[in-house]
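Examining the three-dimensional arrangement
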Amino acid sequence: MKRLKFVLIAMLICSSIYAANPYKYTVDLTKVSDDKVFVELEAPRIKEKEIKFYMPKIVPGTYAIADYGRMVSELKAYDKRENLMEVERLDDNTWLIKDAKKLRKITYFVEDTYDSEQPGPEIFWPAGTNIEDNKNFIINNSGFFGYFDGMKKEEFELNIIRESGFYGATGMIPDNNPPMIGKLDIEGPTADLAVDRFVAEDYDRLVDSPLMYSEADTAIIKVANTDVLISTYSPNKMISAKEIAESIREVLAAQNKFLGGELPVDKYAFIFYFTDKPVTSYGALEHSYSSVYYMPEQTIEQMNQQLRDFAAHEFFHIVTPLNIHSEEIGSFDFNNPKMSRHLWMYEGMTEYFAGSVQVKYGLVSPEQYLGMLEEKLLISQQFKDQLPFTDLSLGALDEYADQYYNVYQKGALIGAALDIQLRELSNGAYGVQNMMADLSKEYGIHKSFKDEELFDEIVKLTYPEIGEFLQTYVAGDQSLPYKEIFDKVGVDIIDNGTVKQYSIILNQNNITLAEHEGEQRLAISNEAALDDMGRALGVKKGDIILSMNEIEMPAYGPEIQEFIGKQAQKIPTLETFTMTVWREVDGEGQKVELSAPNKQIDVQVPLALRFTENPTESQLELRKYWLEPADK
Ligand SMILES: [Zn+2]
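As a convention, each chain's residues are numbered from 1 in the sequence order in which they are written. Local features are withheld for residues below a pLDDT of 70 in this predicted model, meaning they are given only at 70 or higher, and side-chain atom pairs are given and counted only at 80 or more; totals for whole chains, interfaces and linings count all residues.

1. Looking at the overall build of the protein chain
Helix and strand content of the protein chain: 16 helices and 29 strands. Against the compact-globule benchmark of 26 Å for 632 residues, the protein chain has a radius of gyration of 28 Å, which places it among compact chains. Overall size of the protein chain, expressed as C-alpha extent along the three principal axes, is 100 × 65 × 45 Å. Any residue pair is listed as a contact if its two C-beta atoms, each placed from the backbone, are within 7 Å. Residue pairs at least 24 apart in sequence account for 70% of intrachain contacts in the protein chain once pairs closer than 6 positions are excluded. Numbering of helices and strands starts at the N terminus; helices are DSSP runs of H or I of at least 4 residues and strands are runs of E of at least 2. Based on C-alpha atoms, the radius of gyration is set beside the globule rule, defined as 2.2 Å times the residue count to the power 0.38.

2. Quick notes on the sheet that holds strand β3 (residues 51-54)
For two strands to count as paired, DSSP must find a minimum of two bridges between them. With antiparallel pairing, 4 strands are arranged side by side in an open sheet as β5-β6-β3-β10. Strands with a single pairing partner mark the edges of an open sheet, and in this sheet they are β5 (87-91) and β10 (147-148). In the sheet, β3 pairs with strand β6 (residues 94-97) via 4 bridges, with the strands oriented antiparallel. Looking at the pairing, I51 lines up with I97 of β6.

3. A look at the pairing of strand β14 (residues 211-215)
Among the 5 residues in β14, 4 count as buried, and that is most of the element. In the sheet, strand β9 (residues 136-139) pairs with β14 via 4 bridges, with the strands oriented antiparallel. Counterpart to I139 in the pairing with β14 is L211. Burial is judged by counting other C-beta atoms within 10 Å of a residue's own C-beta: 20 or more means buried, 12 or fewer means exposed, and anything between counts as partly exposed, with every C-beta placed from the backbone.

4. Quick word on the domain arrangement of the protein chain
All domain edges in this entry derive from an automatic or database-based domain assignment. Under the domain assignment used here, the protein chain contains domain 1 (19-212), domain 2 (218-303), domain 3 (327-490 + 620-627) and domain 4 (500-604). Taking only C-alpha atoms, the centre of domain 3 and the centre of domain 4 are 41 Å apart.

5. A short note on the sheet that holds strand β7 (residues 105-111)
One open sheet holds the 6 strands; their spatial order is β4-β7-β2-β1-β11-β13, and the pairing between them is mixed. Whereas interior strands pair on both sides, the edge strands pair on one side only; in this sheet they are β4 (72-78) and β13 (193-200). Direction aside, the axes of adjacent strands within the sheet are offset by 15° on average. Relative to strand β2 (residues 36-42), strand β1 (residues 23-28) runs antiparallel, the two sharing 4 bridges. In the sheet register, T26 faces β2, and the bridge partner there is E40. Axes here mean lines fitted to C-alpha atoms, for a helix over just the part in contact, with angles spanning 0 to 180 degrees between N-to-C directions.

6. What to know about the nonpolar core
Generally speaking, a soluble globular protein has its nonpolar side chains buried in company with each other. The biggest cluster of nonpolar side chains holds 139 residues, and the ones touching the most others in it are M212, Y293 and I414. Per element, the largest residue contribution to this core is 9 residues, and it comes from helix α6 (residues 343-360). Aside from chain neighbours lying at most four places away, what touches Y293 is P126, I271, F272, Y273, A284 and F310. In this structure, I505, L522, I545 and M548 belong to the second largest nonpolar core, which totals 16 residues. Only buried residues count toward a nonpolar core: Ala, Val, Leu, Ile, Met, Phe, Trp, Tyr and Cys, linked into one set through C-beta atoms within 7 Å.

7. Side note on the environment of Q569
With respect to the helices and strands, the residue Q569 is situated in helix α15 (residues 559-570). In this structure Q569 comes out as partly exposed when scored by C-beta crowding, with 15 C-beta atoms within 10 Å. Along the sequence, Q569 and M303 sit 266 residues apart, while their C-alpha atoms lie 7.9 Å from each other. In contact with Q569, other than residues within four places in its own chain, are Q298 and Q302.

8. Comments concerning helix α12 (residues 464-474)
Of the positions making up α12, those classed as buried are F469, L470, Y473 and V474. Relative to the axis of α12, the buried residues are bounded by an arc of 100° and lie together on one face. Buried residues along α12 sit in contact with α6, α8 (389-394), α9 (410-425) and α11 (454-461). The directions considered for the arc run from the helix axis to the C-beta atoms.

9. Some remarks on the environment of L229
Relative to the elements of secondary structure, L229 occurs in strand β16 (residues 226-233). Looking at L229, the number of C-beta atoms within 10 Å reads 20, which means it is buried. Spatially, the C-alpha atom of L229 lies 32 Å from that of R70, the residues being 159 residues apart in sequence.

10. As for α9
The end-to-end C-alpha separation of α9 is 22 Å, in line with the 22 Å expected for 16 residues at 1.5 Å each. Of all 16 residues making up α9, 14 are buried, and the element is well covered by its neighbours. N427 occupies a position one or two residues after α9 and carries a positive phi of about 50°. In this analysis, the expected span of each helix is defined as 1.5 Å times one less than the number of residues it contains.

11. So, the packing of α11 against α12
Orientation of α11 relative to α12, taken along the N-to-C sense of each, is 150°, at an axis distance of 7 Å. In terms of their interaxial angle, α11 and α12 are classed as roughly antiparallel. Seen from above, α11 lies across α12 with right-handed handedness. Facing F455, I458 and V459 of α11, the residues of α12 in contact are P464, I466, G467, L470 and Q471. Only Asp, Glu, Lys and Arg are considered charged, only Ala, Val, Leu, Ile, Met, Phe, Trp, Tyr, Cys and Pro nonpolar, and every remaining residue, Gly among them, polar. Among the residues making up the contact of α11 with α12, the classes are represented as 6 nonpolar, 2 polar and no charged. Working definition: roughly parallel below 35 degrees, roughly antiparallel above 145 degrees, roughly perpendicular at 65 to 115 degrees, and oblique for all remaining angles. Take the far helix as your reference; a near helix turned counterclockwise from it by less than a right angle gives a left-handed crossing, and one turned clockwise gives a right-handed crossing.

Next up, the structure:
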């Protein structure tokens, strides 16, 4: 008996030792050299003879290869006597460490993805990293810190050395007792330095917990039980955290009601990085306790609706994939990723919710909401409609990468169609909101579903007809019967309709090139091809455009694209449209200022969504369940 007890004690000791085998990372943000920072890892104990050290090839939510290892250089491994050990770099993301049992420490330099010139795929900006000495650091942990093969479940400790005036915005809760600066191996004066320490339960959580360091610009909103932190970096101070908080407060309040009045997180961080550089792409990425936004720097008025749409979308990801996901996502393989077939849900349903919540709680009008769906319908026509959505999802990294953007278009429309179908079958009582709530009760953060079984699970919760719908329109190659579906809620699809849009006046039928002061410039070629806005301004054939809405027109070349982008952002915010042109008057060239009240014009589109003129009682009834909250 004693012996047994002894064995038990020994086992207890062993298991407690092995339970605490953390990675201890330290990075010093105060010593940037050559646009790189130095990373030091006090390695966990390793039992294998040799081991691979990985930087991720991909991270969850991006559905695109990143190869973060490209940013790492001069990786060195040391034993406990600080002797250099043998390391072999196998590929962009993998290092093989020989005699790994002796390993105590790894060090390397890492550069940021934002201005890297490394060959390879462009990393989705909200999943990228930024090192801008004394200004801003975007620490997406996947770009700074790696893991050992088979050792993803250990705890990760992060020590971040920063200037005392810098603030670290993150969804993580910092350790109240960070290490004293003197305890860390820092050379030189340390008076202005501080250390933040964070602990992540495993590598998945670490990658799921980005940080942004910069001078603090923050605001906090309380939404039900959740503290929501807004943190902003705007290089020219065009937009502040306080303004963003004002703008998205009511969206979050509506989302809280939409989700039943209780949010599944205590703390949530919105991390906004605004850039004043020309953008090739921008966007946002969701995490369990935060989301990161990379957007062009503009005023709050210029970006208002887009900001709210983005924030609503990313925040709703706390439903899926956070609380409803398949095994491929629940146990994510960072270096040999396997895709799930359910992007229609992770992205499509999330995008559907982001619009639906806004119409249900009066943040957009029903007509505006139809406009949002109409845009999705139009954009989705540029993609392969016959491609089963489950196949698109499985091939999103490679074969169907060019179809991925359709998850936000057709994916959301699948959500709308499913919602209308469910409401009809249940006489209004049950929609996708209820379906997702039931699924998250059944699964949740720690329980994954089997990818191939989700449809059956949904049928168990709903109706056999829903199973048929999913097999036909999501897993099958049939086009969604939009006319039939929208007719149920009294919405007509009009072919060759018109929509109201702001105009930039210039189009391929009315411009030409003309020489002005030795440069090729855009000029008006054809008055008959002007739209109503162009006519209201009194633009004439031969006018050479010098500036539009106080933005100077560049000479003909690649910069025109940027000019058009700026106009597209500015025009919807203007009361008066202005133009300066060079015009021949009585045989002599002169500057002429044109102006007219800014207005939307009718633009022909292949289709449009409109509320039916004389809807039936049952159409109105179902529309009410579709567009109004259940508690109303
Ligand atoms: Zn998303």
